[in-house]
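Topology and contacts: notes
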Amino acid sequence: MKMKGLLLIVAFCVSAQAADEMSLMKFKATNACQGCDLSGANLNKANLEGANLKGADLANANLANANLTDADLKGADLSNANLQDADLKHARLYTVNLEGANLQDANLEGAILKFAILKGADLKGADLEGANLKNVKYLDKAKLCKTIMPWGEDNSGC
């Protein structure tokens with residue numbers, strides 16, 4: 001196992017006290033946590049690059065400053081999660097629930113947000129290059145309502 005992955009697992013196991021113990025063990029063994037319960041986990045500054053978190057429950061998780069580059073979060077619940085300053089470059093966020101999430105200053109360059117729920121999310125200062133409203137490949141049918149975008153509040157999906 002790579003040293004980077006081992007450090008992530010150690011940090012993950014120490015700081016994810018609110019998460020389901022079996023989910024932690026599964027993540028430790030596979031570096032994937034598809035459909036698992038990591039709600040409320042403290043993953044501040046965690047390196048989750050390329051992680052498979054499809055359908056994972058990350059509601060109320062602290063992912064501030066986390067590296068989620070190329071992560072697969074399809075169908076994950078990130079409602080009310082703290083993703084401030086997180087790197088979500090090229091992350092797959094199909095059907096992800098980001099309702100009420102803090103995405104301030106997050107890097108969403110090239111992130112795929114098709115059918116994402118962004119109601120009440122705060123994207124102030126976020127980098128949306130390649131993930132803008134004009135490019136339907138990325139924000140196609142995302143639900144925006146009381147969503148704070150870098151250019152102001154967007155209520156196009158209310």
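Heads up: these notes are all about the structure in this document. (Residues numbered from 1 in each chain as written. Predicted model: local features only at pLDDT ≥ 70, side-chain atom pairs only at ≥ 80, totals over all residues. Heavy atoms only, no water.)

As for the overall build of the protein
- Along the protein, the regular secondary structure elements total three helices and two strands.
- Helices and strands appear in the protein in the N-to-C order α-α-α-β-β.
- Every one of the 158 residues in the protein was classed for burial, and the buried ones make up 44%.
- Accessible surface, the protein: about 7,600 Å² in total, of which carbon and sulfur atoms supply 49%. (Helix = DSSP H or I, 4+ residues; strand = E, 2+ residues; numbered from the N terminus. Buried < 20%, exposed > 50% of the residue type's maximum accessible area, 1.4 Å probe, protein only. Areas by Shrake-Rupley, 256 points an atom, 1.4 Å probe, with all protein chains shown as cover.)

Looking at the state of the cysteines
- Taken as a whole, this structure holds two disulfides when the rule is applied.
- Each sulfur in the disulfide pair Cys-145 and Cys-158 lies 1.9 Å from the other. Around the S-S axis, the bridge from Cys-145 to Cys-158 shows a dihedral of about 105° and counts as right-handed. Remark: Cys-158 occurs in the segment after strand S2 (152-154) and Cys-145 occurs in the loop between helix H3 (136-139) and strand S1 (147-149); sequence separation between them is 13 residues. (Disulfide = S-S within 2.5 Å.)

A closer look at the pattern of salt bridges
- Applying the stated criterion across every chain yields a total of two salt bridges.
- Asp-72 is the salt-bridge partner of Arg-92, the closest N and O atoms lying 3.8 Å from each other. Here the residue Arg-92 occupies a position in the loop between helix H2 (21-30) and H3, and Asp-72 occupies one in the loop between H2 and H3, the gap between them amounting to 20 residues.
- For Arg-92, a relative accessible area of 29% corresponds to the partly exposed category.
- For Asp-72, a relative accessible area of 12% gives the class buried.
- Connected through salt bridges with shared partners, the residues Lys-54, Asp-72 and Arg-92 form a single ionic network. (Salt bridge = Lys/Arg side-chain N within 4 Å of Asp/Glu carboxyl O.)

Quick notes on unusual backbone geometry
- One non-glycine residue, Asp-70, lies in positive phi territory at about 60°.
- Within the secondary structure, Asp-70 is located in the loop between H2 and H3.
- In this structure, Asp-85 takes a positive phi of about 65° despite not being glycine.
- With respect to the element layout, Asp-85 can be found in the loop between H2 and H3.
- Its relative accessible area of 38% is what places Asp-85 among the partly exposed residues.

Observations concerning the nonpolar core
- Core analysis: the biggest nonpolar cluster contains 42 residues, and Leu-53, Leu-58, Leu-73, Leu-98, Leu-103, Leu-118 and Leu-123 have the highest contact counts within it.
- Those residues in contact with Leu-98 that sit more than four places away from it in its chain are Leu-78, Ser-79, Leu-83, Leu-103, Leu-113, Ile-117, Leu-118, Lys-119 and Ala-121. (Core = buried A, V, L, I, M, F, W, Y, C linked by side-chain atoms within 4.5 Å. Contact = heavy atoms within 4.5 Å.)

Points about the side chain of Asn-97
- Within the secondary structure layout, Asn-97 lies in the loop between H2 and H3.
- Residue contacts for Asn-97: discarding those within four places in its chain leaves Ala-76, Asp-77, Leu-78, Ser-79 and Ile-117.

With respect to the side chain of Asn-107
- Mapped onto the elements, Asn-107 comes out in the loop between H2 and H3.
- Since its relative accessible area comes to 19%, Asn-107 is described here as buried.
- If sequence neighbours within four positions are ignored, Asn-107 has contacts with Ala-86, Asp-87, Leu-88, Lys-89 and Asp-127.

Observations regarding the packing of aromatic side chains
- Under the criterion given, the structure shown has zero aromatic pairs.
- Sitting over the ring of Tyr-94, Lys-74 keeps its end group 5.9 Å from the ring centre. (Phe/Tyr/Trp six-rings, centres within 6.5 Å; stacked < 30°, edge-to-face > 60°. Lys NZ or Arg CZ within 6 Å of the ring centre and 35° of its normal.)

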